[in-house]
Amino acid sequence: MEKTARILDSKEQLRFIELSQKLLKNKENEIGRRLTFHVTTFGCQMNARDSEKLIGILKDIGYVEKDDEDADLVIYNTCTVRDNANQKVYGKLGYLHGYKKKNPLMRIGMCGCMMQEPSVIEKIQKSYPFVDMIFGTHNIYQLGELVYLMLGGEDEAARGIEINRRGQIISVWDEPVGIMEDLPTDRKYPFKSGVNIMYGCDNFCSYCIVPYVRGRERSRDPREVIREIERLSADGVTEVMLLGQNVNSYGRGADFDMNFPALLREVCRVDGIERVRFMTSHPKDLSDELIDVMAYEKKVCRHLHLPLQSGSSRLLEAMNRHYDKEQYLALASHIREAMPDIALTTDIIVGYPTETEEDFLETMDVVEKVRYSAAFTFIYSQRTGTPAARLPMVPEDQVHDRFDRLLALVQEIGAEENGKLVGTRQEVLVEQLNEKEPGLVTGRLSNNLTVHLPGDESLIGRIIPVTITESGGFYLRGKKCTHIFQER
Ligand code: SF4
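Position numbers for residues count from 1 along each chain, tracking the sequence in the order it is written. Given that the model is predicted, a residue must reach a pLDDT of at least 70 before its local features are reported, and side-chain atom pairs must reach 80 or more before they are shown or counted; all residues, however, enter totals for whole chains, interfaces and linings. Side-chain numbers here rest on the full set of heavy atoms in the structure, without hydrogens or water.

Here's the deal with helix α3 (residues 83-102)
Secondary structure elements follow DSSP: runs of H or I of four or more residues count as helices, runs of E of two or more count as strands, with numbering from the N terminus. Take the number of residues in a helix, subtract one, and multiply by 1.5 Å to get its expected span. In this model α3 runs 31 Å from its N-terminal to its C-terminal C-alpha over 20 residues, within 8% of the 28 Å that 1.5 Å per residue would give. We call a residue buried when its accessible area falls under 20% of the maximum for its residue type, exposed when it is over 50%, and partly exposed in between, using a 1.4 Å probe and counting protein chains only. All of the buried residues along α3 are A85, N86, V89, Y90, L93, L96, Y99 and K100.

Some remarks on the site of the ligand
Inspection of the region around the ligand gives C201, N203, F204, C205, Y207, C208, V210, P211, Q245, H282 and R321 as its neighbouring residues. Residue polarity is assigned by list, with Asp, Glu, Lys and Arg as charged and Ala, Val, Leu, Ile, Met, Phe, Trp, Tyr, Cys and Pro as nonpolar; anything else, Gly included, falls into the polar class. Class assignment of the residues belonging to the shell around the ligand gives a composition of seven nonpolar, three polar and one charged. Here, proximity means that at least one heavy atom of the residue falls within 4 Å of the molecule or strand.

Looking at the sheet that holds strand β7 (residues 169-171)
Paired strands are those between which DSSP finds at least two bridges. Read from one edge to the other, the open sheet built from seven strands follows the order β2-β1-β3-β4-β5-β7-β6, with strand pairing classed as mixed. Where the open sheet ends on each side, the last strands, each with one partner, are β2 (64-65) and β6 (162-163). Note on contacts: a residue pair qualifies if any of its non-hydrogen atoms lie within 4.5 Å across the two residues. Here an axis means a line fitted to C-alpha atoms, over the contact stretch when the element is a helix, while the angle between two N-to-C directions is reported on a 0 to 180 degree scale. Set on the sheet, helix α2 (residues 45-61) makes contact with β1 (36-41), β2, β3 (73-78), β4 (107-112) and β5 (133-135); between it and β1 the angle comes to about 170°.

Regarding the packing of aromatic side chains
Paired rings are identified among Phe, Tyr and Trp, the last through its six-membered ring, by centres lying within 6.5 Å, and are further divided according to the angle between planes into stacked (under 30 degrees), edge-to-face (over 60) and tilted (the rest). Taken as a whole and assessed by the stated rule, the structure comprises 13 aromatic pairs. Centre to centre, the rings of Y95 and Y99 are 5.8 Å apart; their planes meet at 50°, and the pair counts as tilted. Of this pair, Y95 and Y99 both sit in helix α3, four residues apart, which is roughly one turn of that helix. Relative accessible area serves as the criterion here: at 42%, Y95 is assigned to the partly exposed category. Residue classification places Y99 among the buried positions, given a relative accessible area of 18%. Aromatic ring contacts, followed pair by pair, group Y90, Y128 and F130 into a single cluster. Over the face of the ring belonging to Y90 we find K123, whose NZ or CZ atom lies 4.3 Å from the ring centre. Note on criteria: charge over ring means Lys NZ or Arg CZ within 6 Å of the ring centre, with the direction from the centre no more than 35 degrees off the ring normal. In this structure, K192 packs its charged tip against the face of Y189, placed 4.7 Å from the ring centre.

Side note on the pattern of salt bridges
Salt bridge criterion: a side-chain nitrogen from Lys or Arg within 4 Å of a carboxyl oxygen from Asp or Glu. Using the criterion set out here, one finds 40 salt bridges in the structure. For R402, the salt bridge identified is with E355, shortest N-O distance 2.9 Å. One end of the pair, R402, is in helix α13 (residues 396-419); the other, E355, is in the loop between β14 (343-350) and α12 (357-370), and 47 residues separate them in sequence. With respect to burial, R402 and E355 carry one shared label: buried. Put simply, R49, E52, E181, R220 and E228 are held in one network by salt bridges that share partners.

Section: the sheet that holds strand β8 (residues 192-196)
Read across the open sheet, the three strands follow the order β8-β11-β12; overall the sheet is parallel. The sheet is open, and its two edges are formed by β8 and β12 (275-279), each paired on a single side. On average, each strand axis in the sheet is inclined to that of its neighbour by 20°, with strand direction left out of account. As paired elements, strand β11 (residues 239-243) and β12 share five bridges and run parallel to each other. Within β12, the residue paired with M241 across the bridge is R277. Sitting on the sheet, helix α7 (residues 222-234) is in contact with β8 and β11, with an inclination near 170° to β8.

Focus on the domain arrangement of the chain
Domain start and stop points were drawn from an automatic or database domain assignment. Partitioning the chain into structural domains gives domain 1 (10-171), domain 2 (187-301) and domain 3 (425-480). The centre of domain 1, based on its C-alpha atoms, is set 28 Å off from the matching centre of domain 2. Contacts between domain 1 and domain 2 engage 15 residues on the former and 19 residues on the latter. Computed with a 1.4 Å rolling probe, the buried area is the accessible surface lost when two parts are put together, summed over both parts. For the pairing of domain 1 and domain 2, the buried interface totals around 1400 Å² over both sides, and the portion due to carbon and sulfur atoms is 52%. Looking at the side of domain 1 facing domain 2, the largest losses of area belong to Q45, M46 and R49, adding up to 44% of the total buried there. The tally of links between domain 1 and domain 2 comes to two salt bridges. The closest approach of N and O atoms between R214 and D50, which form a salt bridge, is 3.0 Å. Throughout this description, a polar contact denotes any pair of N or O atoms lying within 3.5 Å of each other; where both atoms belong to protein, one of them has to be capable of donating a hydrogen while the other can accept it, and for residues adjacent in sequence the pair is counted only when both atoms sit in side chains. The tally of links between domain 1 and domain 2 comes to seven residue pairs in polar contact (both at pLDDT 80 or more).

The structure is reproduced here in structure tokens:
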């Protein structure tokens, strides 16, 4: 079956959503109740944003969202960045099958990065025949059409969609085709939203599967990005997170002339938007121009996620990261000079093949010098198809020993850095009621740190002045300021 991608037309996909509405209504009339759905998201913020689009489409079709997986349609939006992510999904599929045995109407769909691996699709067809629909990262917008087929619709245009002898619907494209705009989406928070500015990655870090499952870099037209943010602002959003695997290469090779710093400036011009965040930056592409824009633009949040991965220049070369230890340290100190109140966070891999104790100590040295407010630390996971997968692994006991030492150092420094905020006045965007402590609400500072403070739901979605009273290491406690203080 040729897995040719085809240009999806948003009008055509909207038509399939309408056609599915009718089929769904008929089904509901037949069974005398509403049909429900649930989307389970694995992995990163890019996946979380994709899930908001899947949820938007299913709600537009007429499904009712459920909080748990005991629903009539369950979609797993999968991640494959580490092997244990795959194992987790296979594990959960097993008990999803349990629900399906009880509810013969139930349908199961799988999408996301894991589905871009041909070996995974084979395994699902062979070992999980109860899965009804498989689609990839490049065609999430085709969900309306796939649901139309699943509900029994006839689709003469079903090119590139395979229906195997078990009736499983499979539509996974090897390559993305363009960027689709204007399809339904359903935000998790009314006051903040992720906004994709680009898709894919061209960096091919030797341990990473992302370029193979998310395709080549393609940047959204800046007019579409600004249009979306204006719509979000009109809809009550005050904080946006600009999303891309490597936002710093925004606009590279595009048919428009705008780079990321220029786009960031434009986003800060949108009325009603008070906070602008972005993720993820690649150190090799982070320009002085971007640092100047961040320092100048008040709306740009004082948090920068700057993945290090390793402090050893030898390993950074082996990882194909295109910067060395000295360059990274110089960049970090330049950022701190320009924005002394910035919080830096990072990603670090421990146990990359051939890592020696000396390499690891280089990583510890960078952590001590840069003083991150937090770090995501990972044990190297072999990903089939990546260059690093062919290299010899570091003995597990050494890896775990190093991981524990790194975690201890990161936590010690993080607590010291975050503790410096006690007694200061800050602004918090209140995001939700505190699930664990009644009477408290939880929000985030501009530097992305979590703060818990007394309050009720009337504060949710508001940016309020607080005094930081206590530090819990990776979170803070505070109280509302009773008097107005000088704006930042
Ligand atoms: S920059 Fe490297 S680690 Fe990040 S997504 Fe691209 S290939 Fe993966």
